[in-house]
Amino acid sequence: RRNTMEIKSIDHIGLIVQDIEKAVRFYTDVMGFALTGEITPWAGSAEECAAMQVPAGTEYRCAMVQAPGGISIQFMEFSAMQSNVPLNTRGAHYLTFMVDDIHGWVKKLEENGCTAMSQPLSYDEFGQTIQWCYITDPNGIIFELTSAVS
């Protein structure tokens, strides 16, 4: 029997941040994303807290930005935050952005409060050299830059 249910697309990616204004400012001003609405006011009903498995009374607020190319990222800031999750923790996530000039992006990002976790490294895949580098943004979110080298 064939399954008639299917995933249509990725709707958005959610990232938990410590400072939502800083996240929105960085991803719009530096990364070139577009804010698709306003930062929501603080909210958090008992039902929402239970659904998100956060302590009762925790409030949150959200903002949505859209990347060049169409993928949206929803930032969420909680009134009670836990510490960062190390990248090698099961279930940890990171984003990868494809860029043309990885060295130029690393320089730009470092000038805007980011930390490169290394200089770009490279590997060969399907006859093409791929450069990559992990970055920590001003909110401590880890993402990867990748670039195909001709």
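Quick caveat, the model's predicted, so the values are computed rather than measured. (Residues numbered from 1 in each chain as written. Predicted model: local features only at pLDDT ≥ 70, side-chain atom pairs only at ≥ 80, totals over all residues. Heavy atoms only, no water.)

1. Remarks on the confidence of the model for the protein chain
Per-residue confidence for the protein chain averages 87 on the pLDDT scale, and 92% of its residues sit at or above 70. Within the protein chain, no element has a lower average pLDDT than helix 2 (residues 46–52), which sits at 80, and none a higher one than strand 2 (residues 34–35), at 97. (pLDDT = per-residue confidence, 0-100. Helix = DSSP H or I, 4+ residues; strand = E, 2+ residues; numbered from the N terminus.)

2. Observations regarding helix 3 (residues 102–111)
Looking at helix 3, one finds that the buried residues are Ile102, Val106 and Leu109. What you see down the axis of helix 3 is that its buried residues fit within an arc of 70 degrees, all on one side. Facing away from the buried side of helix 3, by more than 90 degrees, are the exposed residues Lys107 and Glu111. (Buried < 20%, exposed > 50% of the residue type's maximum accessible area, 1.4 Å probe, protein only. Arc of directions from axis to C-beta.)

3. As for the pairing of strand 5 (residues 95–98)
Only one face of strand 5 is covered, namely the one carrying Leu95 and Phe97; the face carrying Thr96 and Met98 has none of its residues buried. Summarising the sheet, strand 5 and strand 9 (residues 142–149) pair through four bridges and their orientation is parallel. Across the sheet, the residue bridging to Thr96 is Glu144, located in strand 9. (Pairing = 2+ DSSP bridges.)

4. Notes on the packing of aromatic side chains
Summed over the entire model, instances satisfying the criterion amount to nine aromatic pairs. Relative to Tyr27, the ring of Phe26 has its centre 4.9 Å away and its plane inclined at 90 degrees; by these criteria the two rings are edge-to-face. With respect to class, Phe26 is no different from Tyr27; both count as buried. An aromatic cluster is defined as three or more aromatic residues linked by ring pairs; in this entry it consists of Phe26, Tyr27, Phe33, Phe75, Phe97 and Phe143. Directly above the ring of Trp105 sits Lys108, whose terminal nitrogen or CZ lies 4.6 Å from the centroid. (Phe/Tyr/Trp six-rings, centres within 6.5 Å; stacked < 30°, edge-to-face > 60°. Lys NZ or Arg CZ within 6 Å of the ring centre and 35° of its normal.)

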